[in-house]
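An overview of the molecular structure
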Amino acid sequence: MSSGVIDYTKEFSVIEGKPSLRSIDDLISKPLDTKPDKKYYIALSITLTMLMIGAVGLLASFYYGTGLWGNNNPVGWGLPIVNFVFWVGIGHAGTLISAILFLLRQKWRNGIARFAEGMTIFAVMTAGIFPAIHTGRPWLDGYLFPYPNQHALWVNFNSPLLWDVFAVSTYFTVSFIFWYVGLIPDFAILRDRTKNKLKKIIYSVTSLGWRGSNRHWQHYEMVYLVLAGFATPLVLSVHTIVSFDFAVAVLPGWHTTIFPPYFVAGAVFSGFAMVQNVLIFIRRIFNYEHIITLDTLEKMNKIILLTGMIVGYAYAMEFFMAWYSGVQAETFAFINRAFGPYAWAYWIMFSCNVLFPQFFWIKKLRRSIPFMFIIAVLVNVGMWFERFVITVTSLSRDYLPSSWAYFTPTITDFSLLIGSFGFFFTFLLLFTKTLPVVSIAEVKAVVDGAQPTHKDH
Amino acid sequence: MNEKILYGYTGLFDTPDEIIEAAEKVSAEGFEKYDVHTPYPVHGMDSAMKLKPSKLPYIALVIGLSAMVTMFIFMYWMTSIDYPVIVGGKPFFSFPAWVPVLFEITVLSASIGTVVAMIAVFFKFPNLSHPLHDTDFMKSVSSDKYGISIEAVDSRFNEDYVRSFLSSIGAKEISPVYWDDEEVTFKNTVLKPKFLTFLIVVGLAVSGTTYFTLNKLMFMVPFNWMREQEKYIPQEISTFFEDGFSMRTPVKGSVALGNIPYRFSGDPEGAGEALVNPLAVTKENLELGKEKFDIYCSPCHGYFGEGDSRLKGQFPNPPSFHSEKVRNWSDGRIYAVLMDGQNVMPSYSSQLDRAERWAVILYMRALQRSLNAKESDLK
């Protein structure tokens, strides 16, 4: 490729160096067969400390009540909802990689799909905590589901908040099934490799007795396709419904039809940034550089650039519509966003999401690992602030000036935010040592020479 | 059992091209009970083995559509029949708002259903007692080799013939696979006492923990979290106020918002002279009066005020409204009866608000007029 002339008649190899199939087994199952080293324990102790900070904040919130949070009268949603939308968004990259890129036959996804799906599951778990605790009495959350309860009352199917319950729980379940179906052949490989008796039992049970039979592969591939077909509209629907939580309300700054596509693009944007951040460490620590190649990272950066520009377009369009609609409240809401008391948050969001990703136009920067890491971190900072700006600025200054109030998060709010990162990364660390973080079967299928040449056909 | 039962013969190949070619030959030779084992799906193998396309998409379609229809009926029943609640002025049957939930339920059911059907029906999994498990053949094909297995139950199976056939198509490490004794003599262990005891113990532990958590733990300090708050609830003892009551009496002379104090308690004649019905004789007022009369007055006084109680003697019958005495009472005098009660009739001041009391009196007047009409009414 460095010569400048690319031969498009041949398919590009997504796995570098044509490794033997057995060496792929050895490499990917190595973290599972070896004892964790010191660095792993240091990383785990950091994430567990963050988790404990969150646990203390959570217990305090339960014991003393949600008055410990910064939520006040106009800003009833505050940080819990900001964090919820942020984490659900992080999850979206996983399904995009595993389902949409699968349908689009993007073979480079095979190396990163498993890990991204795992991140989806953990991110949705993290996200689920926040609306549950934001209700104030999480032990009553069972009433969110339509079951014949003692009040003889059913849930309100007209409410976007209820749609959210269905969307997020469906999303979690389907992602988990997708993930497990992908893991079955890998469990069979691990079962046949391991010498440890206990592991053998565990892998035998989880592999369900997979034999690599082509009569099974045939149905398996069909189901994988069907699941990808389901997961694709599902992932689009989830953040659409999350955006309905805002868009269905009549608050200026929320009540716009651009919200669903804008939220979905934003979710993919932040999710890809998070996946890219973590993969940079994974490929380095476990020596997966030839499986998760620099080309793959570059392709992810291109998607970050694309979705970042969609988000930037949405920011611009919101301002245009505020002016073009001629609605006074709407115009005020957006001027207030950019130049009001939360202008600092708005400009952090704008520069991190729209300006900094523009560096990815330059190929050299797009392929520089330290640089792309910093940009992706900034993207996630920006996307967190986007949710903050949307939630807080609109609520703090609504139609009635007499009810305006400034929202200041408290230390408990921040402890929950830190705790959510601890929760997510603790699961991620445990995942890297208990399950194959790269799909062994899928990677084998895209190694050069793994598919028949069909020379006689 | 000393004699082992033959499962079949297996052979290994090194490259995907070889296995495709071999599968075509095995299929052309007329074998039916054979299988190809590969570490990953090899393109073109389905046509080489002449397999029919998978029927799983149809299962997904059927499960998804039936879940959608069921959920639709369920939502209609919940919101329009079982417990209709008006939300934001929307109709009970507000289909557009149901689309998101219908979509999610369709996807959820179809995904779970298809995967369960694949695993349980198409693969007959979990199956950990297959003879191929734990063989060198299995270990090779799950890693980097491609294998073919021909089962002994195939109609064309013959040990020598299959062995020579496999070597003729280029297979390596041709070896027989036998059933393990455990696999042949396997019996269902679900009904063994040991397993049943285990199930019972698990069931008791789960239900006990759930009961304890929901009914005991939640009420223990400090798990009663938000139940204990720094505020007084009605009837609670106060340590702050001297009289020990947490509920305070209103300051003398205070009047509830919108309430006009009744000055004639214990003085019905005074009320009769001073009070005048403020309501006009309109259709709305009479209808309000009829509604309240039928609810609160008619059980004892009868629907037409004739004193014909519907209580079947369980409570003394009151006198008729149509007597000379009651007809000649002023509206204010009847109002006094509603406020204070009379004889065994209690006060209805808490059941009826001011306008309702006067409306009831208007309706009573109409009833009286119906039995004792003046001549002028006939015109």
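Just so you know, these numbers come straight off a predicted model, no measurement behind them.

1. Some points on the overall build of chain B
Each helix and strand in chain B was counted, giving 13 helices and 4 strands. The proportion of buried residues among the 379 residues of chain B is 26%. Across chain B, contacts joining residues at least 24 apart in sequence account for 71% of those joining residues at least 6 apart.

2. Section: the environment of Tyr 399 of chain A
Mapping Tyr 399 of chain A onto the fold places it in the loop between helix H13 (369–396) and helix H14 (411–434). On the basis of neighbour count, Tyr 399 of chain A is assigned to the exposed category, with 12 C-beta atoms found within 10 Å.

3. Here's the deal with helix H6 (residues 197–207) of chain A
Residues and elements named next belong to chain A. Buried within H6 we find Tyr 203, Ser 204 and Ser 207. One face of H6 carries all of its buried residues, which in axial projection span an arc of 105 degrees. Against the buried residues of H6 lie helix H5 (160–193). Positive phi appears at Leu 208, one or two residues downstream of H6, with a value of about 60 degrees.

4. A word on the interface of chain B and chain A
Taken together, the contact between chain B and chain A spans 65 residues of the former and 56 residues of the latter. Listing elements by their share of the side of chain B that touches chain A, those giving two or more residues are helix H1 (16–29), strand E2 (34–37), helix H2 (45–48), helix H3 (56–82), helix H4 (95–122) and helix H5 (136–141) of chain B. Here the side of chain B that touches chain A is composed, by residue class, of 42 nonpolar, 15 polar and 8 charged.

5. Structural notes on the pairing of strand E1 (residues 6–13) of chain B
Residues and elements named next belong to chain B. Across the 8 residues that make up E1, a large majority, 7, are buried. One ladder, built from 5 bridges, connects E1 with strand E4 (residues 172–178); its direction is antiparallel. Paired with Tyr 9 across the two strands is Pro 176, which belongs to E4. As judged from the 6 bridges shared by E1 and strand E3 (residues 146–151), these two strands associate in the antiparallel manner. When the bridges of E3 are listed, Gly 11 appears paired with Ile 148.

6. A closer look at the confidence of the model for chain A
Of the residues in chain A, 96% have a pLDDT of 70 or more, and the chain-wide mean is 90. Helix H1 (residues 21–33) of chain A is the least confidently modelled element of chain A, averaging 88 in pLDDT, while H14 of chain A averages 95, the highest of any element.

7. Overview of the sheet that holds E2 of chain B
Residues and elements named next belong to chain B. Spatial strand order, E2-E3-E1-E4: 4 strands in an open sheet with antiparallel pairing. Only two strands of the sheet have a single partner each, and these edge strands are E2 and E4. Each adjacent strand pair in this sheet contributes to an overall mean axis angle of 20 degrees, direction not counted. Two strands pair when backbone bridges link them, and E2 and E3 are joined in this way by 4 bridges, in the antiparallel orientation. Bridge assignment links Val 36 to a residue of E3, and that residue is Ile 148. Lying over the sheet, H1 contacts E1, E2 and E3, oriented at roughly 20 degrees with respect to E3. Sitting on the sheet, helix H6 (residues 159–168) touches E1, E3 and E4, and the angle it makes with E1 is about 10 degrees.

Criteria and thresholds
Residues numbered from 1 in each chain as written. Chains lettered and ligands numbered in written order. Predicted model: local features only at pLDDT ≥ 70, side-chain atom pairs only at ≥ 80, totals over all residues. Helix = DSSP H or I, 4+ residues; strand = E, 2+ residues; numbered from the N terminus. Buried ≥ 20, exposed ≤ 12 C-beta atoms within 10 Å, placed from the backbone. Contact = placed C-beta atoms within 7 Å. Arc of directions from axis to C-beta. Nonpolar A, V, L, I, M, F, W, Y, C, P; charged D, E, K, R; others polar. Pairing = 2+ DSSP bridges. pLDDT = per-residue confidence, 0-100. Axes fitted to C-alpha atoms, helices over the stretch in contact; angles between N-to-C directions.

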